[in-house]
Amino acid sequence: MSRTLTQKASWKALASHQKKIAKKHLRELFAEDATRGTRLALEAVGLYLDYSKNRVTDKTLKLLVALAEDCGLQDKIAAMFRGDRINTTENRAVLHIALRSPRWQQIVLDGVDVVPGVHEVLDRMAAFADQVRDGRWRGFTGKRIRHVVNIGIGGSDLGPVMACEALRHYAHADLDFRFVSNVDSTDLTEATRGLDPAQTLFIVSSKTFTTLETMTNAKAARDSLVAQLGSDDAVARHFVAVSTNADGVKAFGIAESSMFGFADWVGGRYSMDSAIGLSTMIAIGPENFEAMLAGFHEMDEHFRSAPPAQNLPVLLGLLSLWNNDFLGFSTLAVLPYEQYLKRFPAYLQQLAMESNGKHVTLDGEPVKADTSPVVWGEPGTNGQHSFYQLIHQGTRIVPCDFIGFCTALSPIGGQHDLLIANLIAQAEALAFGKTAKQVEDEGVAPELVPHRVFEGNRPSNTILIDALTPAALGKLVALYEHSVFTQGAIWNIDSFDQWGVELGKALASRVIPELRSPHDPELAHDSSTNALIRRYRQRRTT
Ligand code: G6Q
C-alpha cells in the first residue's frame, strides 16, 4: 500500500525544512539575495508571477517540486488530458480542457473524438449570438432584444456573471445583462425590474435542468412573460436553454433548436467556457469569446508541458499548499486591483472550495493534511479601507494574491497609476512591515510605538498582466483551475465531485412541506430546528 501523504519522505522533508526556516523573515531573505525579486518570478504565456514575497527559499521550492513528483502530479495531469475517469466518485472524465481545444486537436473519449461536438455547439452559439447582437433575433412582438437575463446558480451563474463583468469593456453597447441565481424571489424581481418583456431574452442555464432554484426562477419568469405578452407562443422567442438534459428542456417548453448542450464531463464550476458561457458570448461576440478560449488553451498547454518549476499553475498551487499545510495559514485572499474583476473572488471561492473542500482521499481514507484554504477577497483599493487592517496587523496571517494589469481599459487622468501603486505598495508593506526602530525614528510617542509596528513577513503573490483582454481572462481562469488541480492531486482527493452540497438540499426538501403545511405538522427534528420551523410558521405574514 502506498504511504499516506504525511508519511511520505517528501512531505516529511518539507515539514522539517519548515522548522529550519521558520524564523527567517522576508527582510533577511531579500537582504541575502539582491536578485530574489527577479529570480523568484516566472513569466509564461503573457502572465508574470512574482512569488518572491513568499516565505520560501530555493530549497523549499525544490522540496515542493519533489513532493509533486512523489504524488504523481505529472501522471495525474496526463490522465486528465487523456480523458481518464479521474472524477472517480461520479465515474466521469474531466475534460473542460476539451472546451477550448482548437478544431484540429483530437481528444478521444470512449472511442469518440469529443472536439467536433464542442465546435458544433460553439458554431451554433455564435450564429445565435450574432442574431441577438445584430437584431435579427426578434422578440414575440417583433421588437429587438435589449436585455439578456441568465437564470442559473452555482457553476451555471458564477462563471457567466464573473466573465460578463470582467469583459464588460468589450460588451455590446446596446445590450444589458442581468443574472438571477437565488431562490429568494427578490433576486428575480430586482433583476427584471423595469425590463420590457418584449425585449428580454432569458437564458435558462442548468446542466441538469432540475436544480430547485433555477427551475423555480425559470418557471416564474416564463409565467410572468406569458402573462405580459399574452401568449404561450412567446416562450419560443424569449427563452433559450443551456443544458445536458434535452428531455427536461423540452418538457419546459423550449425547442431543441433553442437548446445549447454540453457533456457530462464538464463540471459546473468548470463550465464558463462551455455553452454555459452563452451570455458571455452574446455580450462580447463570438470573436472575443474565441480569443478567450484561445487564452484558456494557451494556459492548458503550458500546464500540460512545462516542467514543474517553470509551470505557473503548478507553482501557484504548490505555494498555496505550502502556506496552508506547512505554515498553517488557512485562508487565501484574492485581491484584484481591477474593478472589472469584482466578481473574480466569488468565482474563485467556488472553484477552489467546492473542488478541494474534501475530507477524504480517492480511497475514502481521511486526508491527513488540511485541504482547500478558505478563499475570499474584494477588489483593491476598496478592501484597503476595510479588512486590510487585519491582513497587516492581525494575529492571523493571510496569504494574498494580488492581481493587476499594466494598461487601464477605462483610463481617466493618472488614476490607473494610483491603483497599481497601491497594489505594489500593499505587497511591499506586507512583506517588509515596519520595525519598532523605524517607528521610533519617526518620533512617534513611545506608548504608540507598538500600535504603529507592522511585523511584516506576510506572504503574497503578485500577478501582473499587460491588459485585461478576453485571452488574458481565459489564461487567468485556467491558471487557477490548474492550481486547484495541482493541490487536489497532492491531497489525492476528488476535486471534481461536490457531495458536500447534498445533505442540506435533502434536509430542505423535508422542511419545505413542514413550512407549507396548513396544519401544525408533527416535527421530529432536534429542538432547535423544530423551534425555528414553529417560529417561522407563526410569524410570517406573506
Ligand atoms: C458546480 C456544481 C454546482 C452546479 C449548480 C447548478 O461544480 O456542480 O455549483 O453548477 O448546482 O447546477 P445545474 O447547472 O445542474 O443547475
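Description of the structure in this document. On a predicted model such as this, the values are computed, not experimentally measured, just so you know.

**A short note on the packing of helix H13 (residues 286–305) against helix H14 (residues 312–326)**
Two elements in contact, H13 and H14, have axes separated by 7 Å at closest approach and are oriented at 70 degrees. Our classification of the angle between H13 and H14 gives roughly perpendicular. On H14, the residues touching Met 299, His 302 and Phe 303 of H13 are Leu 312, Pro 313 and Val 314. Counted by class, the contact of H13 with H14 contains five nonpolar, one polar and no charged residues.

**Considerations on the sheet that holds strand S1 (residues 41–44)**
The mixed open sheet is built from six strands, whose spatial order is S1-S2-S13-S12-S10-S11. Strands with a single pairing partner mark the edges of an open sheet, and in this sheet they are S1 and strand S11 (374–376). Ignoring strand direction, the axes of neighbouring strands in this sheet form an average angle of 15 degrees. Two elements, strand S12 (residues 400–405) and strand S13 (residues 460–465), share six bridges in a ladder whose sense is parallel. Residue pairing in the sheet places Phe 405 in a bridge with Ile 465 of S13.

**Thoughts on unusual backbone geometry**
For the bond running from Gly 380 to Thr 381, omega is 5 degrees, close enough to zero to count as cis. Note that Thr 381 resides in the loop between S11 and helix H16 (388–393). Notably, Val 45 is not glycine yet its phi reads approximately 40 degrees, a positive angle. The residue Val 45 is located in the loop between S1 and strand S2 (47–50) in this model.

**A word on the site of the ligand**
Neighbouring residues of the ligand: 13 residues in total, closest Ser 156, Ser 206, Thr 208, Thr 211 and Gln 350. Contact between the ligand and Ser 206: an oxygen atom at 2.6 Å from a side-chain N or O atom of the residue. A distance of 2.5 Å separates an oxygen atom of the ligand from a polar atom in the side chain of Thr 211. Protein contacts shield 86% of the accessible area of the ligand, which totals 410 Å² for the unbound molecule.

**Some details on the packing of aromatic side chains**
Enumeration over the complete set of coordinates arrives at 16 aromatic pairs. Ring geometry for Tyr 270 versus Phe 496: centroids 5.2 Å apart, planes at 50 degrees, classification tilted. With Tyr 270 in the loop between strand S9 (259–261) and helix H12 (278–284) and Phe 496 in the loop between helix H20 (470–491) and helix H21 (502–516), this residue pair connects regions lying 226 residues apart in the sequence. Both residues of the pair, Tyr 270 and Phe 496, count as buried. Taking the centre distance of 5.9 Å and the plane angle of 80 degrees together, the rings of Phe 303 and Phe 485 count as edge-to-face.

**Description of a nonpolar patch on the surface**
Nonpolar side chains collect at one region of the surface, where Val 183, Leu 212 and Ile 512 lie side by side and expose about 230 Å² of accessible area between them. Within the secondary structure, Val 183 sits in the loop between strand S6 (176–180) and helix H8 (185–192).

**Some details on helix H17 (residues 415–432)**
Helix length check: H17 (18 residues) gives 26 Å between terminal C-alpha atoms against 26 Å at 1.5 Å per residue, within 8%. All of the buried residues in H17 are His 416, Leu 419, Ile 420, Leu 423, Gln 426, Ala 427, Leu 430 and Ala 431. Relative to the axis of H17, the buried residues are bounded by an arc of 130 degrees and lie together on one face. Exposed and facing more than 90 degrees away from the buried side of H17 are Gln 415, Asp 417 and Leu 418.

**Side note on the sheet that holds S6**
Spatially, the five strands line up as an open sheet ordered S6-S5-S7-S8-S9, and their pairing is parallel. With one partner strand each, in any of the chains shown, S6 and S9 form the two edges of the open sheet. The average angle at which neighbouring strand axes cross in this sheet is 20 degrees, direction not considered. Sheet topology places strand S5 (residues 147–151) next to S6; five bridges connect them, and they run parallel.

**Describing the environment of Leu 351**
Among the secondary structure elements, Leu 351 is positioned in helix H15 (residues 344–356). What makes Leu 351 buried here is its relative accessible area of 0%. Separated by 74 residues in sequence, Leu 351 and Gly 277 place their C-alpha atoms 16 Å apart. Every residue in contact with Leu 351, bar those within four places of it in the chain, is listed here: Arg 269, Tyr 270, Tyr 480, Glu 481 and Val 484.

**A short note on helix H4 (residues 58–70)**
Over its 13 residues, H4 runs 18 Å from end to end, which matches the ideal 18 Å to within 8%, given 1.5 Å per residue. Of all the residues in H4, the buried ones are Thr 60, Leu 61, Leu 63, Leu 64, Val 65, Leu 67 and Ala 68. The secondary structure elements touched by the buried residues of H4 are helix H1 (9–21), helix H5 (73–82), H14 and H20. Gly 72 sits one or two positions beyond H4 and adopts a positive phi of about 70 degrees.

**What to know about the pairing of strand S8 (residues 239–243)**
Look at any regular strand and the pattern is simple: side chains alternate between the two faces of the sheet. Across the five residues of S8, five count as buried, placing the element largely inside the fold. The two faces of S8 match: Phe 239, Ala 241 and Ser 243 on one face and Val 240 and Val 242 on the other face are all buried. Pairing between strand S7 (residues 200–205) and S8: four bridges, direction parallel. Residue Val 204 lies in a different strand from S8, and its bridge partner there is Ala 241. As paired strands, S8 and S9 are joined by three bridges and run parallel to one another. Note that in S9 the partner of Val 242 across the bridge is Phe 260. Note that the unit made of S8, helix H11 (residues 246–252) and S9 has a crossover that is right-handed.

Conventions adopted
Residues numbered from 1 in each chain as written. Predicted model: local features only at pLDDT ≥ 70, side-chain atom pairs only at ≥ 80, totals over all residues. Heavy atoms only, no water. Axes fitted to C-alpha atoms, helices over the stretch in contact; angles between N-to-C directions. Helix = DSSP H or I, 4+ residues; strand = E, 2+ residues; numbered from the N terminus. Parallel < 35°, antiparallel > 145°, perpendicular 65-115°, else oblique. Contact = heavy atoms within 4.5 Å. Nonpolar A, V, L, I, M, F, W, Y, C, P; charged D, E, K, R; others polar. Pairing = 2+ DSSP bridges. Near = heavy atom within 4 Å. Polar contact = N/O pair within 3.5 Å; in protein donor to acceptor, adjacent residues only side chain to side chain. Areas by Shrake-Rupley, 256 points an atom, 1.4 Å probe, with all protein chains shown as cover. Phe/Tyr/Trp six-rings, centres within 6.5 Å; stacked < 30°, edge-to-face > 60°. Buried < 20%, exposed > 50% of the residue type's maximum accessible area, 1.4 Å probe, protein only. Patch = residues over 30% accessible without salt bridge, like charges linked within 9 Å, V, L, I, M, F, W, Y side chains within 5 Å. Salt bridge = Lys/Arg side-chain N within 4 Å of Asp/Glu carboxyl O. Expected span 1.5 Å × (residues − 1). Arc of directions from axis to C-beta. Right-handed = clockwise from strand over helix to strand, strands pointing away.

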